[in-house]
Amino acid sequence: MNGAESLLASLAAGGVEVCFMNPGTTEIHLVEALDRVPGLRGVGCLFEGVASGAADGYARMTGKPACTLFHLGPGLSNALANLHNACRARVPVVNIVGDHATFHLPFDPPLASDIEGIARPFSKWLRSSGTAGAVGRDGMEALAAAQAAPGRITTLVVPSDVAWGEGAGIATPLPVPRAPLPSQSLIEEAAQLLRNGARTGIVLGSHTTQGSALTAAGRIAAVTGAKLLAPFAFARMERGACRPPVERIPYITEQALAQLAEFRQLILVGASEPVAFFGHPTKPSRLAPDGCKIFTLTAPEEDGAGALALLADALDAENTNPLLQRAEAVEAPRGAITLDGIAKAVASVLPEGAIVVDESITSGRGMMAATRAAPPHDYLVNTGGSIGLGTPLAIGAAIAAPDRPVLCLEGDGSFMYTLQALWTAARENLAITTIVFANRIYGILKSELAALGTNPGPRAVESLDIAPPVIDFVVLSESLGVPAIRVTTLEDFASAMRRGMESRKPNLVEVAL
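A short tour of the structure in this document, coming up.

What counts, and where the lines are drawn
- Residues numbered from 1 in each chain as written.
- Predicted model: local features only at pLDDT ≥ 70, side-chain atom pairs only at ≥ 80, totals over all residues.
- Heavy atoms only, no water.
- Helix = DSSP H or I, 4+ residues; strand = E, 2+ residues; numbered from the N terminus.
- Rg over C-alpha atoms; globule rule 2.2 N^0.38 Å.
- Buried < 20%, exposed > 50% of the residue type's maximum accessible area, 1.4 Å probe, protein only.
- Areas by Shrake-Rupley, 256 points an atom, 1.4 Å probe, with all protein chains shown as cover.
- Lys, Arg positive; Asp, Glu negative; His and termini not counted.
- Charge placed at Lys NZ, Arg CZ, Asp CG, Glu CD.
- Axes fitted to C-alpha atoms, helices over the stretch in contact; angles between N-to-C directions.
- Left-handed = near helix turned anticlockwise from the far one by under 90°.
- Contact = heavy atoms within 4.5 Å.
- Nonpolar A, V, L, I, M, F, W, Y, C, P; charged D, E, K, R; others polar.
- Pairing = 2+ DSSP bridges.
- Right-handed = clockwise from strand over helix to strand, strands pointing away.
- Salt bridge = Lys/Arg side-chain N within 4 Å of Asp/Glu carboxyl O.
- Disulfide = S-S within 2.5 Å.
- Polar contact = N/O pair within 3.5 Å; in protein donor to acceptor, adjacent residues only side chain to side chain.

Secondary structure summary: the protein chain contains 20 helices and 18 strands in total. The globule rule puts the C-alpha radius of gyration for 513 residues at 24 Å, and the 24 Å found for the protein chain is close to it. The buried share of the protein chain, taken over its 513 residues, is 55%. Element-wise, carbon and sulfur atoms account for 54% of the exposed surface of the protein chain, whose accessible area totals about 20,500 Å². Across the protein chain, the 39 positively charged side chains and the 49 negatively charged ones have centroids separated by 6 Å.

Structural data, given as structure tokens:
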């Protein structure tokens, strides 16, 4: 067993099932070892940003880390934008990055770079493996570190002579430390705040908008009247009919200020204080109203789900029925394409159990409100603001939950960052329906430009256009192996979405705006 097989077999023994990969020569022994590690599935990606985003989506849906495989410093650099998003999602990912053979590095070959320097800002654990005999154990340490709460990015650099050298077999899995609970005094203080009659919001972060944590939060809301909120950049939310309703804090500063104006107390559970996405010369950075008490029940690295359960107990709500969203039928809209109609069309066809990946930014701004009472579904969004995450996130979600349809809502500008994900969807035959909203502009930036109030000139305005030339997303999609259709009416849009999700195959719908 060489070092490559020792590493991959060790990761598989630790529960890693998928490797999203874009390897090169220095990783070829790791690629070759995949045939001898049947428990680890290799998923090819044409761009490293697809691999890192897919690992994020997989982790959000399973709670488990995938591994990635990148080619030296340049390959890791291509992955960084979506590793930034994964860091902000607080999910576990184990990066494996190949390096030149240790004896070859002194010759300064063209692809030599400071891999550790590139990896460090995004890695909570980082190591260059020194020997083939130690690389399996190094992999287990990387895996355990990735699984520490709330979920971390780890990076293991593997020189090629470490990969081809004689390994030490399969390493023993390491224990993962339990996330700490808050003190009982903090639980009691939170309970007192919820009993004092002041208007209170509970901001749910770090893996508390799903599962038992969301149920406990719904019970707390039912007995106290507190409103459940989530940051604009949440990672995953279970929502829809018969689930506790959670309001997303808006991206637009004015809208967020208006939403939060009613609150005199905000209790943070694995979340930070709400702040604006960007600084502005005339708008505040802090979104809570002046005088609002900000109380942190748990930090992201603490057990938010356990804290909510304890808080429900302290409020005698452990047996209370949680506050739940009522089901509401949405009639499919008809006529010309409008932004309001787009959101209603999605709500009218969304099936139970769907996974919605939303990076539609401008065109999808009303999507969450319109789908609040749709059949139960999961919602994933861009957590770090680095665009180009939607289609890779959908890849990871589809591989994590192959029995569920995935609906990926994409702006045309964001789509062009990682369109290579369609190739992976076709290759793996994933049940992803991708919607591209083709308004031919960077809509969010045009809104920001208009908000300056300075009457921008034609060169500034044209710099934010995506046409000319006009991109034909149907032809582009079909060239990557994914059947596609263009729609120009709301009824055709709803019909195409329904057919796409029912097909359980990769497909794309271009919505002409």
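What follows continues from the structure just given.
Helix-helix packing is described using two parameters, namely the angle between the two axes and the distance between the axes. Contact geometry for helix 12 (residues 339-349) and helix 20 (residues 490-503): axes closest at 9 Å, N-to-C directions at 35°. Of the two elements, helix 12 crosses helix 20, and the hand of that crossing is right-handed. Each of Gly341, Ile342, Ala345, Val346, Ser348 and Val349 in helix 12 lies in contact with helix 20, whose residues at this interface are Leu490, Phe493, Ala494, Met497, Arg498 and Met501. Split into classes, the residues belonging to the contact of helix 12 with helix 20 amount to 9 nonpolar, 2 polar and 1 charged.

Once that is clear, we can look at the pairing of strand 1 (residues 18-22). Side-chain direction in a regular strand flips from residue to residue, so the side chains alternate between the two faces of the sheet. Within strand 1, 5 of the 5 residues are buried, which leaves it mostly tucked inside the rest of the structure. Neither face of strand 1 is exposed, since Val18, Phe20 and Asn22 on one face and Cys19 and Met21 on the opposite face are all buried. Here strand 1 runs beside strand 2 (residues 41-44); their pairing, made up of 4 bridges, is parallel. Among the inter-strand pairings, methionine 21 is bridged to a residue of strand 2, identified as glycine 44. Tracing the backbone out of strand 1, into helix 2 (residues 28-33) and back to the parallel element strand 2 gives a crossover that is right-handed. Inspection of the sheet shows strand 1 paired to strand 3 (residues 66-70) by 4 bridges, in the parallel sense. In the sheet register, phenylalanine 20 faces strand 3, and the bridge partner there is threonine 68.

Turning to the pattern of salt bridges, a few remarks are in order. Inspection of every chain in the model, using the stated rule, returns 21 salt bridges. Residues aspartate 378 and arginine 236 are paired through a salt bridge, measuring 2.5 Å at the closest nitrogen-oxygen approach. In this pair, aspartate 378 is assigned in strand 14 (residues 377-381) and arginine 236 in strand 9 (residues 236-239), connecting sequence segments 142 residues apart. For the pair aspartate 378 and arginine 236, one class covers both residues: buried. Counted as one network, the salt bridges with shared partners bring together Arg199, Lys227, Glu247 and Glu262.

Cis geometry marks the peptide bond from alanine 149 to proline 150; its omega dihedral reads 5°. Among the secondary structure elements, proline 150 is positioned in the loop between helix 6 (135-147) and strand 6 (153-159). Even without a glycine there, the phi angle at serine 206 is positive, about 25°. Position of serine 206 relative to the elements: it lies in the loop between strand 7 (200-204) and helix 9 (211-224).

All right, on to the sheet that holds strand 12 (residues 293-298) then. With respect to topology, 5 strands assemble into an open sheet ordered 10-8-7-11-12, the strand pairing being parallel. Strand pairing shows two members of the sheet lacking a second neighbour, strand 10 (247-248) and strand 12, which therefore form its edges. Along the sheet face, helix 8 (residues 184-195) touches strand 7, strand 11 (265-269) and strand 12 and points at about 140° away from the line of strand 12.

For lysine 293, the location among the structural elements is in strand 12. On a C-alpha basis, the gap between lysine 293 and leucine 194 in space is 12 Å, while along the polypeptide they are 99 residues apart. Residues contacting lysine 293, with those up to four places away along its chain left out, are Glu189, Leu193, Arg264, Gln265 and Leu266.

As a further point, take the state of the cysteines. Summed over all chains, the structure comprises 0 disulfides. Cysteine cysteine 19 shares no disulfide, and the gap to the nearest cysteine sulfur, in cysteine 67, comes to 3.5 Å.

With 8 of its 11 residues buried, helix 12 lies for the most part within the structure. What helix 12 keeps buried is the set Gly341, Ile342, Ala343, Ala345, Val346, Ala347, Ser348 and Val349. Of the surrounding secondary structure, the elements contacted by the buried residues of helix 12 are helix 13 (367-370), strand 15 (406-411), strand 16 (432-438), helix 20 and strand 18 (507-512).

In this section: the side chain of asparagine 95. Turning to its location among the elements, asparagine 95 is positioned in strand 4 (residues 93-99). A polar contact is formed between the side chain of asparagine 95 and the side chain of threonine 68, at a distance of 2.6 Å.

Here we take up the environment of serine 113. Structurally, serine 113 is set in the loop between strand 4 and helix 5 (115-119). Judged by relative accessible area, which is 33%, serine 113 ranks as partly exposed. For the pair serine 113 and lysine 283, spaced 170 residues apart in sequence, the C-alpha separation works out to 42 Å. In contact with serine 113, not counting residues within four places along its chain, are Gly73, Pro74 and Ile118.

Turning our attention to the sheet that holds strand 16. What the 7 strands build is an open sheet, ordered 9-14-13-15-16-18-17; its pairing is mixed. The two strands at the open ends of the sheet, each matched to only one other strand, are strand 9 and strand 17 (484-487). When the angles between neighbouring strand axes are averaged without regard to direction, this sheet yields 20°. Pairing geometry for strand 9 and strand 14, over 4 bridges, is antiparallel. Residue pairing in the sheet places methionine 237 in a bridge with tyrosine 379 of strand 14. In the packing of helix 14 (residues 390-400) onto the sheet, contacts are made with strand 13 (355-359), strand 14, strand 15 and strand 16, and the angle to strand 15 comes to roughly 170°.

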